[in-house]
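Take a look at the letters that make up each chain.
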Amino acid sequence: MRVLLIKTSSMGDVIHTLPALTDARRAIPGIQFDWVVEEGFAEIPAWHPAVAEVIPVAIRRWRKHPLQTWRNGEWARFKKRLSNTRYDLIIDAQGLLKSAWLTRYAKGPVVGLDKTSAREPLASRFYDQSCDVPWGQHAVERVRQLFAQALGYRLAEGVGDYGLNRAYLAGEITDQPYLLFFHGTTWKSKHWPEIYWRALAELAVADGIYVRLPWGNPVEKARAERIADGLDRVQVLPKLSLAGMARMVAGASACVAVDTGLGHLAAALDVPTLSLFGPTNPVLTGAYGASQVHMPSNFPCAPCLQKTCHYQPTPEDARQFDLRREQPLCFTRLNPQRVHVQLQSLLLEERVV
């Protein structure tokens, strides 16, 4: 059976889809998937043994330069590639108009979320079959349920399996054990304060632990350099590809993360991770899997699910906190000392350092 899967972005959403592939492979021997995914995340699907071919798409880039995309033939080549194969089934696992629109260029019956289950209800009009997948549960479980309905098998109980080989991705580990601090994320409101990262790095160094800091853009690199400044056991990593980052994560003893795609990558590779949540809800989009510890803020307005913090500090807040550097204030409930204690507990439990 050959299935076309459309799940283009983001990194976390792509990773959240992997357990559904493992379910399908166990339920339907010989099933193979071709996966349409944003070019920046195209390496991830290839790590799963059920994926036969990865079909990169560049919607983000094409939107910025539509005329150039038309002239250079990229869009035409993409459409031709989708139409070259007759699929037994096409699954839109994203539930957006942009993903549903792509199904128009592929051959085969199309399945997706119904109008009450999709993030953009109009997307359901593009499908031959729509599936009811209730909200209020983790994103991984929603995708697993979609696949089970679409492909007609009973979903096994228990935690889903990402199906990745951590040892294969890590390669040979010869360096000293290390932690990774994932300090970068997209929303401004999801950033743990920089001074907190610095304080946690100092506490880790005092414990004799090595820390490595990845980065993905100049702003993150500058922050990493400030966090590491003067700390011998803290290293700012070079610019890494996604595959290089996966090797670094797979070789780590443990990670500390905000709500970011790299935190989900650590979960997929079964690396113990402590994830810090302020405005977002770990019940719905937290790091999924074993050895994943979530620390949600209990601030009055958390989780607000807002990209920008709209909380107005009180006079008492101004007396207690540095309103310039301790933002957003929901993270003051997750101060470095509290996170350090939880990290020590995680390391002791996993016996990883």
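The structure this text deals with has already been given above.
Note that this is a predicted model, so its numbers are computed, not measured.

*Asks:* I'd love a proper account of the packing of helix H1 (residues 11–27) against helix H11 (residues 261–268), names of residues and values included.
*Replies:* Running from amino to carboxyl end, H1 crosses H11 at an angle of 20 degrees, the nearest separation of the two axes being 8 Å. The angle between H1 and H11 places the two elements in the roughly parallel class. Helix-helix and strand crossings are classified by hand; for H1 and H11 the assignment is left-handed. Contact residues: Met-11, Gly-12, Ile-15 and His-16 in H1; Gly-261, Leu-262, His-264, Leu-265 and Ala-268 in H11. When its residues are assigned to classes, the contact of H1 with H11 shows five nonpolar, four polar and no charged.

*Asks:* Talk me through the sheet that holds strand S5 (residues 110–113); I want residue IDs and the actual numbers.
*Replies:* Spatially, six strands are ordered S3-S2-S1-S4-S5-S6 in an open sheet, and the strand pairing comes out parallel. Across the chains shown, the open sheet's two edge strands, defined by having one partner strand only, are strand S3 (51–57) and strand S6 (129–131). Neighbour-to-neighbour, the strand axes of the sheet open up by a mean angle of 20 degrees, direction not taken into account. Across three bridges, the pairing between S5 and S6 is parallel. Bridging across to S6, Leu-113 finds its partner in Cys-131. Its contacts with the sheet place H1 against strand S1 (2–6), strand S2 (32–38) and S3, and it is angled at close to 175 degrees to S2. Most of the contacts of helix H4 (residues 74–83) go to S3, to which it runs at about 155 degrees, and overall it touches S1, S2 and S3.

*Asks:* Help me get a handle on the packing of aromatic side chains, residues and values and all.
*Replies:* Taken as a whole, this structure holds 12 aromatic pairs when the rule is applied. Pairing Tyr-162 with Tyr-288 gives two aromatic rings, centres 6.2 Å apart and planes at 80 degrees, and the pair type is edge-to-face. Of this pair, Tyr-162 sits in the loop between helix H6 (139–151) and helix H7 (166–170) while Tyr-288 sits in the loop between helix H12 (282–285) and strand S12 (292–296), and the two are 126 residues apart along the sequence. Each member of the pair, Tyr-162 as well as Tyr-288, is classed as buried. Among the aromatic residues, those joined into a cluster by ring pairs are Trp-62, Trp-75, Phe-78, Trp-101, Tyr-105 and Phe-126. The ring centre of Trp-187 lies 5.0 Å from the NZ or CZ of Lys-190, which sits over that ring. The lysine or arginine in question, Arg-212, covers the ring of Tyr-178, its NZ or CZ lying 4.0 Å from the ring centre.

*Asks:* Outline the nonpolar core, supporting the account with residue identities and numerical values.
*Replies:* Counting residues in each nonpolar core, the largest one holds 62 residues, and the members touching the most others are Phe-33, Phe-147, Leu-151 and Leu-180. Once residues within four sequence positions are removed from consideration, Leu-151 is found in contact with Met-1, Val-3, Ala-24, Ile-28, Ile-31, Phe-33, Leu-89 and Ile-91. Ala-254, Ala-302, Phe-331 and Leu-334 belong to the second-largest nonpolar core, a separate cluster that totals 32 residues.

*Asks:* Lay out the side chain of Thr-17 in plain terms, naming residues and giving numbers.
*Replies:* Structurally, Thr-17 is set in helix H1. In contact with Thr-17, not counting residues within four places along its chain, are Leu-5, Lys-7, Trp-35, Val-143 and Phe-147.

About the thresholds
- Residues numbered from 1 in each chain as written.
- Predicted model: local features only at pLDDT ≥ 70, side-chain atom pairs only at ≥ 80, totals over all residues.
- Heavy atoms only, no water.
- Axes fitted to C-alpha atoms, helices over the stretch in contact; angles between N-to-C directions.
- Helix = DSSP H or I, 4+ residues; strand = E, 2+ residues; numbered from the N terminus.
- Parallel < 35°, antiparallel > 145°, perpendicular 65-115°, else oblique.
- Left-handed = near helix turned anticlockwise from the far one by under 90°.
- Contact = heavy atoms within 4.5 Å.
- Nonpolar A, V, L, I, M, F, W, Y, C, P; charged D, E, K, R; others polar.
- Pairing = 2+ DSSP bridges.
- Phe/Tyr/Trp six-rings, centres within 6.5 Å; stacked < 30°, edge-to-face > 60°.
- Buried < 20%, exposed > 50% of the residue type's maximum accessible area, 1.4 Å probe, protein only.
- Lys NZ or Arg CZ within 6 Å of the ring centre and 35° of its normal.
- Core = buried A, V, L, I, M, F, W, Y, C linked by side-chain atoms within 4.5 Å.

These values are about where atoms sit, not about what they do.
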